[in-house]
Amino acid sequence: MGRHNIELSIDGRPAAGEVESRMLLVQALRQVFGVTGPHIGCETGRCGACTVLLDGHAVKSCLSLAVQADGSRVTTAAGLARDGDLHPLQKAFQERHALQCGFCTPGMLCAALDLLNQNPNPTDGEIRDALRGNLCRCTGYQHIVEAVAEAAVVMAHAPQKI
Ligand code: FES
Ligand code: FES
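Note that the structure is predicted; figures quoted are calculated from it, not measured.

Criteria and cut-off values
Residues numbered from 1 in each chain as written. Chains lettered and ligands numbered in written order. Predicted model: local features only at pLDDT ≥ 70, side-chain atom pairs only at ≥ 80, totals over all residues. Helix = DSSP H or I, 4+ residues; strand = E, 2+ residues; numbered from the N terminus. Buried ≥ 20, exposed ≤ 12 C-beta atoms within 10 Å, placed from the backbone. Contact = placed C-beta atoms within 7 Å. Axes fitted to C-alpha atoms, helices over the stretch in contact; angles between N-to-C directions. Parallel < 35°, antiparallel > 145°, perpendicular 65-115°, else oblique. Left-handed = near helix turned anticlockwise from the far one by under 90°. Nonpolar A, V, L, I, M, F, W, Y, C, P; charged D, E, K, R; others polar.

Q: Let's hear about the environment of Ser61: which residues, and what values?
A: As for its position among the elements, Ser61 is in the loop between β4 (57-60) and β5 (73-75). The buried category is assigned to Ser61, around which 29 C-beta atoms lie within 10 Å. Each C-alpha atom of the pair Ser61 and Phe93 lies 22 Å from the other, and the pair is 32 residues apart in sequence. In this view, Ser61 contacts Leu24, Leu25, Val26, Leu29, Pro38, Cys50 and Val52; residues no more than four positions away in its chain are not counted.

Printed below as a string of structure tokens:
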């Protein structure tokens with residue numbers, strides 16, 4: 001199996017490493033680059049636990065090959081905080097009790113940020129629609145929807161594009 005050297009930015013830091021041709025992006029993030037925020041759930045694109053932002057757009061990193069990310073900017077949930085301050089989405093998840101076990105949370109945050117970047121003032125229905133590819137076994141979703149709506153209000157007053 002072929003191996004390739006790739007270079008990318010992960011959460012604002014340059015990273016370079018060798019990956020196998022068929023290695024998934026989520027595997028490379030975790031195994032090659034030691035970035036363990038994106039979780040591996042189903043590995044078939046159904047659960048959303050592996051969601052990251054690739055050049056600003058939410059992707060399921062179990063559906064992308066690592067080589068496809070060569071030269072790209074990857075942002076994980078861990079990269080949302082700035083100078084030690086939680087991102088408004090992270091704060092809202094914390095304050096609204098939008099997580100319990102936390103397994104889905106990194107993917108939820110990335111999917112939610114992609115939504116708010118495209119639609120800064122979503123309805124509850126639009127939030128649910130945007131997050132329908134991200135499964136949570138704990139919360140029942142209502143607190144997650146409320147957290148995203150709250151973050152949208154905060155971000156409207158202090159926009160932060162990631
Ligand atoms: S691990 Fe990627 S969608 Fe489930
Ligand atoms: S908080 Fe446990 S799966 Fe969502």
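Next, the rest of the story.
Q: Pulling in residues and values, what's your account of the packing of helix α2 (residues 88-95) against helix α5 (residues 142-157)?
A: For any two helices packed against each other, the geometry comes down to the angle between their axes and how far apart the axes lie. At a minimum axis separation of 8 Å, α2 and α5 run at an interaxial angle of 140°. On the basis of the axis angle, α2 is oblique to α5. For the crossing formed where α2 meets α5, the hand is right-handed. In contact with Pro88, Leu89, Ala92 and Phe93 of α2, α5 contributes Ala147, Glu150, Ala151, Val154 and Met155. Residues belonging to the contact of α2 with α5 are distributed by class as follows: 8 nonpolar, no polar and 1 charged.

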